[in-house]
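# Structural features, examined
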Protein chains: 2
Amino acid sequence: MNFPSKLIENAVSEMAKLPGIGKKTALRLVLHLLKKDEEHTVSLAEAITNMRLHVQYCRHCHNIADTDTCAICASSSRDKSIICVVEDTRDVLAIENTAQYKGLYHVLGGIISPIEGVGPSDLNIESLVKRIPESEVKEIILALSPTMEGDTTAFYLTKKFKPYNIRISTIARGIPVGGELEYADEITLGRSIVRRTAYEL
Amino acid sequence: MNFPSKLIENAVSEMAKLPGIGKKTALRLVLHLLKKDEEHTVSLAEAITNMRLHVQYCRHCHNIADTDTCAICASSSRDKSIICVVEDTRDVLAIENTAQYKGLYHVLGGIISPIEGVGPSDLNIESLVKRIPESEVKEIILALSPTMEGDTTAFYLTKKFKPYNIRISTIARGIPVGGELEYADEITLGRSIVRRTAYEL
C-alpha cells in the first residue's frame, strides 16, 4: 500500500506488529483514531506506555501487580495452604472469574517447550520450589493446558516437588459442562470414564 | 473481569475502545506488549500520538497528507481535468492500488446519512463545488458505495454540479471479475445486462 502520509504509515506499521492485526485492520484502527478527538489517542498512548513502564510483578507469585506484592498474595482471606500453578496472568483471571478458588497462585510465565526454546530455567520454577519450605503450603494444583508442553511441564514440576511432603493435584479433565457426548474427542471421553467421580445431587 | 493491576485495567479499557476490539482481545494485546521490549510499546504510543497530532489534510482534496497539499494534488504527472469523488481516505488507497486512475481526488469525509445525522454541510461538498470553476476540471467521477446513502449523496452532488458544464460519471456496477453469474444478486445481474458494454478482445 502507498500511504498518503509518512505519519499514517508509521502508525499503521506499528499497529500491525500487534498479534492478529494485519495492515488493513491497522489502517482501519488508525483512521478511527483520526476521526475521534485527539484526547482519545493521547489517553490510549499514555495508558499503554504507563502500563508497560510501571507495571510490576508480585515477588511471591509473579502475577502482574501495581506493587511488589499482588492483591491476592497480600489478602488475609485467601487460603495460604494451596498454590495453583498456571502458565500466565490470563489463567489467573480466568480462574478468579469462576469464584471457585480461594487459594494462592504461582505464574510460571510460560511452559516448557523445546520447539520454542523455552526451558525450565526460563520459567519461574526455582521460586516456586523455594516457596514450599518457606510457607504453609500443603497442596499444589497444576492448572496447565492439556497439551504436550503442559504435560511436560507438569511432569518436570512433580519431580521437583518430590522431596517435599505435599499433595499434588491437577484440574479435572472431562466433558465440558453443556458439551454433548457425541462431539467429545475419544481421549477426553475415555478419561472422563476412567476418572469418573461420585454422583452428587 | 477483575484485573490484578490498575495499569493493566486502564490499558485494556483504552484498547477496547477501538472498533472490533473487545475486552478479551484488548487483554491479549496488552499482555503481548508486556512480553515484548519496552521500546516496542513506546514506539507504538509515539507513532499513534504523532500521527494524531501532526497529520494534516490536503487543502485541495481533503485527503490525509503530511503537508497542506497532498502528493497527488502536488504531482505534475496527474491529469487535472478529472476529479474522483470518494467517501474517505481508504477509498483513495484502494483506487491508487489499482494503478488505473491518473486524475485527482476529492475526499468527502463521509456520506449523507439522515439516520446517523450526517448532512451535506458535515461533508467537504462546498469546497468540491468551488474547485470546478477555479480549475480545469472536465469530468467528475462519483466513486461512492452502491448503498442508499451513497445514492443519496450522488444525487445531491449531481444537482450541485448542474450549473457547470462538466461530464459526471459513476464507476461501473456489474459482476465482479472472477465472480460467478449464478451467485450474483438480481439487481447487479440486471444492471450488468442493461448497461452492457462493447466486447473487447
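About the criteria used
- Residues numbered from 1 in each chain as written.
- Chains lettered and ligands numbered in written order.
- Predicted model: local features only at pLDDT ≥ 70, side-chain atom pairs only at ≥ 80, totals over all residues.
- Heavy atoms only, no water.
- Pairing = 2+ DSSP bridges.
- Helix = DSSP H or I, 4+ residues; strand = E, 2+ residues; numbered from the N terminus.
- Axes fitted to C-alpha atoms, helices over the stretch in contact; angles between N-to-C directions.
- Contact = heavy atoms within 4.5 Å.
- UniProt positions renumbered as here; feature names shortened; annotations may be inferred.
- Least-squares fit on C-alpha atoms with pLDDT ≥ 70 in both.
- Domains from an automatic or database assignment.
- Buried area = accessible area lost by both parts, 1.4 Å probe.
- Salt bridge = Lys/Arg side-chain N within 4 Å of Asp/Glu carboxyl O.
- Polar contact = N/O pair within 3.5 Å; in protein donor to acceptor, adjacent residues only side chain to side chain.
- Nonpolar A, V, L, I, M, F, W, Y, C, P; charged D, E, K, R; others polar.
- Buried < 20%, exposed > 50% of the residue type's maximum accessible area, 1.4 Å probe, protein only.
- Left-handed = near helix turned anticlockwise from the far one by under 90°.

A few words now on the sheet that holds strand S3 (residues 79–86) of chain B. All names here are of chain B. Pairing is parallel in the open sheet, where 4 strands are placed in the order S4-S3-S5-S6. Each of the sheet's edge strands pairs with one partner strand only, and the pair in question is strand S4 (103–107) and strand S6 (167–170). Across the sheet, the mean angle from the axis of one strand to that of its neighbour is 25 degrees, orientation sign disregarded. With 5 bridges joining them, S3 and S4 adopt parallel strand pairing. Directly across from Ile 83, in S4, lies its bridge partner Leu 104. In this fold helix H7 (residues 148–161) packs onto S3, strand S5 (139–142) and S6, with an angle of close to 170 degrees to the strand it touches most, S5.

The next point concerns the UniProt feature "zinc finger region: C4-type" (unreviewed entry) in chain A. Here the UniProt-annotated "zinc finger region: C4-type" (unreviewed entry) positions come out as residues 58–73 of chain A. Note that residues 58–73 of chain A is 19% helix and 12% strand, and that its end C-alpha atoms are spaced 8 Å apart.

Here the focus is the relation of the copies chain B and chain A. With an axial shift of 0.0 Å and an RMSD of 0.1 Å, the rotation relating chain B to chain A amounts to 180 degrees. Taken together, the rotation angle and the small translation identify this as a two-fold axis. Within chain B, the C-alpha atom positioned nearest to the axis of rotation is that of Ala 45 of chain B, 2.2 Å from it. In this assembly the copies share their binding face: 100% of the residues contributing to the interface of chain B also contribute to that of chain A.

A few words now on the domain arrangement of chain A. Along its sequence, chain A is organised into domain 1 (6–54), domain 2 (79–170) and domain 3 (174–201). Centre-to-centre separation of domain 2 of chain A and domain 3 of chain A, based on C-alpha positions: 24 Å.

In this complex, chain B contributes 51 residues to the contact, which on the side of chain A involves 51 residues. Taken together, the two surfaces of chain B and chain A that pack against each other cover about 5,000 Å², and 73% of this comes from carbon and sulfur. Counting the contacts that link chain B with chain A gives 0 salt bridges. On the surface where chain B and chain A come into contact, there are 12 residue pairs in polar contact (both at pLDDT 80 or more). For the side of chain B that touches chain A, the secondary-structure elements that each account for two or more residues are helix H1 (6–15), helix H2 (23–35), helix H3 (38–54), strand S2 (64–65) and helix H5 (89–98) of chain B. Considering every element that reaches the side of chain B that touches chain A, the biggest residue donor is H3 of chain B, with 15 residues. Here the residues of the side of chain B that touches chain A are counted per class, giving 28 nonpolar, 13 polar and 10 charged.

Residue and element names in this part refer to chain A. Burial along strand S5 (residues 139–142) is two-sided: Glu 139 and Ile 141 and Ile 140 and Leu 142, pointing in opposite directions, are all buried. Across 4 bridges, the pairing between strand S3 (residues 79–86) and S5 is parallel. Bridge pairing links Cys 84 to Ile 141 in S5. With 4 bridges connecting them, S5 and strand S6 (residues 167–170) associate as parallel partners. Bridge assignment links Leu 142 to a residue of S6, and that residue is Thr 170.

Quick look at the packing of helix H6 (residues 126–134) of chain A against helix H7 (residues 148–161) of chain A now. All names here are of chain A. The geometry of H6 relative to H7 is characterised by a closest axis approach of 11 Å and an angle of 35 degrees between their N-to-C directions. Crossing angle aside, the handedness with which H6 passes H7 is right-handed. Across the interface between the two elements, Glu 126, Leu 128, Val 129 and Ile 132 from H6 touch Leu 157, Lys 160 and Phe 161 from H7. When the residues that make up the contact of H6 with H7 are grouped by side-chain class, the tally is 5 nonpolar, no polar and 2 charged.

Right, let's talk about the sheet that holds strand S4 (residues 103–107) of chain A for a bit. All names here are of chain A. What the 4 strands build is an open sheet, ordered S4-S3-S5-S6; its pairing is parallel. Each end of this open sheet is capped by a strand with a single partner; those strands are S4 and S6. The mean inter-strand angle of the sheet, taken between neighbouring strand axes irrespective of direction, is 25 degrees. Across the sheet, H6 touches S3, S4 and S5, and the angle it forms with S4 is around 150 degrees. Sheet contacts for H7: S3, S5 and S6; angle to S5, the most-contacted strand, approximately 170 degrees.

Now for the UniProt feature "domain: Toprim" (unreviewed entry) in chain A. In the numbering used here, UniProt assigns the "domain: Toprim" (unreviewed entry) feature to residues 81–176 of chain A. With 34% helix and 20% strand, residues 81–176 of chain A has end C-alpha atoms that lie 28 Å from one another.

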